[in-house]
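Single-letter residue listing:
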Amino acid sequence: MDLSLHPHWTVWCIVVPLLAGGLAVLVPRWGKTIGLIGAVLTLIVVGGATLQLLSHGPQRIEIGSWGAPLGIQLQLDGPALMMLWTTALVSLPITVYARDYFQTPQQQIRFWPLWLLLWSTMNMLYLSADLFNLYITLELLSFVSVVLVALAGPNAVRAAIRYLLMNLLGSLGFLLAVALMYGAYGMLDINMLAEQVEATPLTGLALALMSIGLLVKSALFPLHVWLPPAHAGAPAPVSAVLSALVVKASFYLLLLLWLTLYSPLVTRELTTLVGLLGIGAILWGSLQALRASRLKQLVAYSTVAQLGYIGLAITLIDVAAWQPVLTFIIAHACAKGAMFLAAGNFQRAAGHDRMALISAALRALPVSVFAFALAGISLIGLPPSGGFLAKWLLLSAALDSGRWLIALALVGSGLLTALYVFRVLERAVRPGAALKPVGRVSPLMEWSALGLGLLAILLGFAGMWITQILAEWPV
Amino acid sequence: MSTVAAYLVTGGLLFIIGLHGLILRRSLLRKILALNIMDSGVFMILLSLAARSAPPRSGTPGDGINRHCGRRQRDGPGTGAPGACPQPLY
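Residues numbered from 1 in each chain as written. Chains lettered and ligands numbered in written order. Predicted model: local features only at pLDDT ≥ 70, side-chain atom pairs only at ≥ 80, totals over all residues. Heavy atoms only, no water.

### Looking at the overall build of chain A
So, step 1. Assigned secondary structure in chain A consists of 20 helices and two strands.
So, step 2. Taking 2.2 N^0.38 as the reference for a compact globule, 475 residues should give roughly 23 Å; the C-alpha atoms of chain A span a radius of gyration of 21 Å, in line with that estimate.
So, step 3. C-alpha extents for chain A along the principal axes are approximately 65 × 55 × 45 Å.
So, step 4. The buried share of chain A, reckoned over its 475 residues, is 63%.
So, step 5. Of the contacts made within chain A by residues no fewer than 6 positions apart, 81% connect residues no fewer than 24 positions apart.
So, step 6. Only carbon and sulfur atoms are counted for the fraction: they give 69% of the accessible area of chain A, which is about 17400 Å².
So, step 7. Between the averaged position of the 24 positive side-chain charges in chain A and that of its 16 negative side-chain charges there is a distance of 23 Å. (Helix = DSSP H or I, 4+ residues; strand = E, 2+ residues; numbered from the N terminus. Rg over C-alpha atoms; globule rule 2.2 N^0.38 Å. Buried < 20%, exposed > 50% of the residue type's maximum accessible area, 1.4 Å probe, protein only. Contact = heavy atoms within 4.5 Å. Areas by Shrake-Rupley, 256 points an atom, 1.4 Å probe, with all protein chains shown as cover. Lys, Arg positive; Asp, Glu negative; His and termini not counted. Charge placed at Lys NZ, Arg CZ, Asp CG, Glu CD.)

Below you can see the structure in the form of structure tokens.
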């Protein structure tokens, strides 16, 4: 097939989930079917975009043929493609899971349009090359996420409001920075700006505001306070998406801006500061995960800790740029998705997620326990998992550039992760009777969790592929 | 330029006042109001940045404003005297 006949695969990556979401609003009764078909179609379209990248190289698309200073451009390159794939691969099992998870029609009606819109927004974020458009995607991302958290019912409203306020704070910081950049340079297109940016105090202020805004949204310690209640309180598939993908999207954006737009201003001191925050996140998150009294809280604090690794990886962007960070993002997305889905299964079966009483539910659901264990292996970083690959890349970059503290933090944190993962797994092998499930856990819910867990392990073998894509089509 | 600078500074102050309220106030309603004040600060900055180079009211031939107002005159009768640019309602 001649792909030049279909030059808009990139645009379809945004449009397909958006259209499916709109359709799910119009025909709420078929929400499940539309969601599934939309998810499969999006995966196919991302495949199309990949073929296009393979045959034509990086793409810039002018929407409505409006040129760059005035119009909004979409850009497809290696990192964006990796994020598109991560989102698609993690979202598909979550979609399958959500099909059986939501029981009341009211939840179904609300979930499907929002979920597809969230997907479309994430894809738009990866592909946008315009600062103001990026602000819009960030804003959409937070609003949709907040409503999805609130789907859990009255108990989650408090967490959702907190999430909303913190995220709006981040968005406003970003917007102010966009205004400053526009005031200073009179343009918003990232590629054109990147050629013009100079290290002036005004640009520095914009960089600071933008970075703080994005770090709030990425929940890097100590700006993480909104994350544990929101991610632990949301419905299981929503927790999985938020932890696996949404926080990564803002991290991806931070990295993109630091590596392209602000590269003259990003100093060693700045990246070191983020690295130190990362170490703080690993210590604090792991400690809280060890103390957590609820399973989903444990998994949410584990996200806080794991986001610390991305902070650590950012200190290495001068030697390793995209590769370790993106590998880590992908590995963690699969593992954390699997973990939250499995945790959701235990919660559904037991009717609660209190650590003290969860072991009966663990014994009743061996497949989910297996999924949880596979995800744990990847989080700890044992070979041959995706987590191992990511940590190995980070470790070798740290050692090559002689940053021993980072190497030490990487090795030590694996141990901390192992402690809280085994805190759960140990409860699965305690003797006792399996419980009679309170709520029904369908086989699909168990197998989609397992699918993601397997993906987290199999990623360990995809290292070459990731390296190739990033080396061949950098930003 | 000094007027613009004054508006810019005011916008920045509004942003900081809102930030202060958002972090320190406990009531949800006050927090939301504080967010709105931050919003207003950002909008003020955006507007005063745009005001640095005011576009001509009745533009030169060929620029976007002029074409737009010419079309409005053709489409809607009675929107203004011939040759004058109709003022938008809001």
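### What about the packing of aromatic side chains?
Residues and elements named next belong to chain A.
So, step 1. One pass over the structure, following the stated rule, counts twelve aromatic pairs over all chains.
So, step 2. Relative to W115, the ring of F111 has its centre 6.3 Å away and its plane inclined at 20 degrees; by these criteria the two rings are stacked. A residue pair is termed a helical-turn pair when its members lie 3 or 4 positions apart in one helix, as F111 and W115 do in helix 4 (residues 105-127) at four residues.
So, step 3. Taking the relative accessible area as the measure of exposure, W115 reaches 1% and is therefore buried. (Phe/Tyr/Trp six-rings, centres within 6.5 Å; stacked < 30°, edge-to-face > 60°.)

### Re the side chain of T121 of chain A
So, step 1. With respect to the helices and strands, the residue T121 of chain A is situated in helix 4.
So, step 2. Excluding residues within four positions of it along the chain, T121 of chain A makes contact with T137, L140 and L141 of chain A.

### Notes on unusual backbone geometry
All names here are of chain A.
So, step 1. At the junction of F221 and P222, the peptide bond is cis and its omega measures out at 0 degrees in the coordinates.
So, step 2. Examined against the element boundaries, P222 turns out to sit in the loop between helix 8 (201-218) and helix 9 (227-233).
So, step 3. Cis rather than trans, the peptide bond between P383 and P384 has omega equal to 5 degrees.
So, step 4. Tracing the chain through its elements places P384 in the loop between helix 16 (366-380) and helix 17 (386-400).
So, step 5. For A219, which is not glycine, the phi torsion reads 60 degrees and is therefore positive.
So, step 6. Looking at the element boundaries, A219 is found in the loop between helix 8 and helix 9.
So, step 7. The class of A219 is buried, set by a relative accessible area of 0%.

### Brief notes about the pattern of salt bridges
Residue and element names in this part refer to chain A.
So, step 1. In the structure shown here, the tally under the stated rule is four salt bridges over all chains.
So, step 2. Between R430 and E426 there is a salt bridge; the shortest N-O distance is 3.0 Å.
So, step 3. Look at R430 and you get partly exposed, because its relative accessible area is 33%.
So, step 4. Since its relative accessible area comes to 36%, E426 is described here as partly exposed.
So, step 5. What emerges from the salt-bridge pattern is a single network uniting E426, R427 and R430. (Salt bridge = Lys/Arg side-chain N within 4 Å of Asp/Glu carboxyl O.)

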